[in-house]
Every structure is written in C-alpha cells, then in structure tokens.
Amino acid sequence: MDSPCVPSCSDIPYWPDDTLLAPHLAAHRLTMDPAPGQAAWRKIGICTCGNMTTRPWDNSAILEAYDQHLAVVQHEIRHDAAEAVRPSE
C-alpha cells in the first residue's frame, strides 16, 4: 500500500486545535526542568511521551522544539486516520 505522504507533508504546520490531535495531547505534555550545572535560565525540555528531550536551552528554544515535536505527532496521527478510511486494494 502506498503511503499518503506527499513532499509537502513536512511543510504542514502544527495546529493546536486539531480535533484529531486533541485526544493525544494528554500523552504529550511539556515539562521544563532545571539543567544541572547550567545557568538558571537554561532548562531541559521533556515531553511526557518520552520521545523528546532537549539539551539545556532557553525557554524559547524548548518551546520551538516542542512545537516541532507536536507537528510530527500530528502528522503521524493524520496519516493513521487517512489510512483508516482509505479503501483497500
């Protein structure tokens, strides 16, 4: 079976109000923990799903990484949904 991916899939933004993503958000919470031995403004971002951990960065960089992570999660969820309604061959 062919993948529903197209070259522009990587350009699709993350929509926080996507109804397909909403049920999965509880598994994807961001925590920002102090980075040991680093300046106080540096933190480590961790998604509760376990698939995203950042290096010691500032809040803005961590939020950017989290947005990218959720964009990938959303992409996978949308493709799973597309596969579920795709007619079998």
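Relevant structure appears above.
Residues numbered from 1 in each chain as written. Predicted model: local features only at pLDDT ≥ 70, side-chain atom pairs only at ≥ 80, totals over all residues. Heavy atoms only, no water.

Some details on the overall build of the chain
The helix and strand inventory of the chain stands at one helix and two strands. The helix and strand sequence of the chain, counted from the amino end, reads β-β-α. Here the chain, with 89 residues, has 22% of them falling under the buried criterion. In the chain, once contacts between residues fewer than 6 apart in sequence are set aside, the share between residues at least 24 apart is 39%. Roughly 6,100 Å² of accessible area belongs to the chain as shown, and the carbon and sulfur atoms make up 56% of that amount. (Helix = DSSP H or I, 4+ residues; strand = E, 2+ residues; numbered from the N terminus. Buried < 20%, exposed > 50% of the residue type's maximum accessible area, 1.4 Å probe, protein only. Contact = heavy atoms within 4.5 Å. Areas by Shrake-Rupley, 256 points an atom, 1.4 Å probe, with all protein chains shown as cover.)

Details of the pattern of salt bridges
Once the charged atoms of two side chains with opposite charge are near each other, the side chains can pair. Here the structure, examined in full by the defined rule, presents one salt bridge. The shortest N-O distance in the salt bridge between R78 and D18 comes to 3.1 Å. With R78 in helix α1 (residues 59–85) and D18 in the segment before β1 (30–34), the pair connects residues that are 60 residues apart, well separated along the chain. (Salt bridge = Lys/Arg side-chain N within 4 Å of Asp/Glu carboxyl O.)

Regarding the environment of I46
Relative to the helices and strands, I46 is located in strand β2 (residues 43–47). Look at I46 and you get partly exposed, because its relative accessible area is 28%. When sequence neighbours within four positions are dropped, the list of residues in contact with I46 reads R29, L30, T31, D33, M52 and T53.

So, α1
Along its 27 residues, α1 runs 39 Å from first to last C-alpha, staying within 8% of the 39 Å computed at 1.5 Å per residue. Residues of α1 that are buried include every one of I62, A65, Y66, H69, L70, V73, Q74, I77 and H79, and no others. Buried residues in α1 make contact with β1 and β2. (Expected span 1.5 Å × (residues − 1).)

Comments concerning the nonpolar core
The biggest cluster of nonpolar side chains holds eight residues, and these are L21, L25, C47, M52, Y66, L70, V73 and I77. Of the residues forming this core, the biggest block, four residues, is contributed by α1. Every residue in contact with I77, bar those within four places of it in the chain, is listed here: L20, L21 and H24. (Core = buried A, V, L, I, M, F, W, Y, C linked by side-chain atoms within 4.5 Å.)

Side note on the side chain of D18
Assessed through its relative accessible area of 8%, D18 is described here as buried. Of note is the side chain of D18, whose polar atom sits 2.9 Å from the backbone nitrogen of L20. At 3.1 Å, the side chain of D18 and the side chain of R78 are in polar contact. What D18 contacts, discounting residues up to four positions off in sequence, is Q74 and R78. (Polar contact = N/O pair within 3.5 Å; in protein donor to acceptor, adjacent residues only side chain to side chain.)

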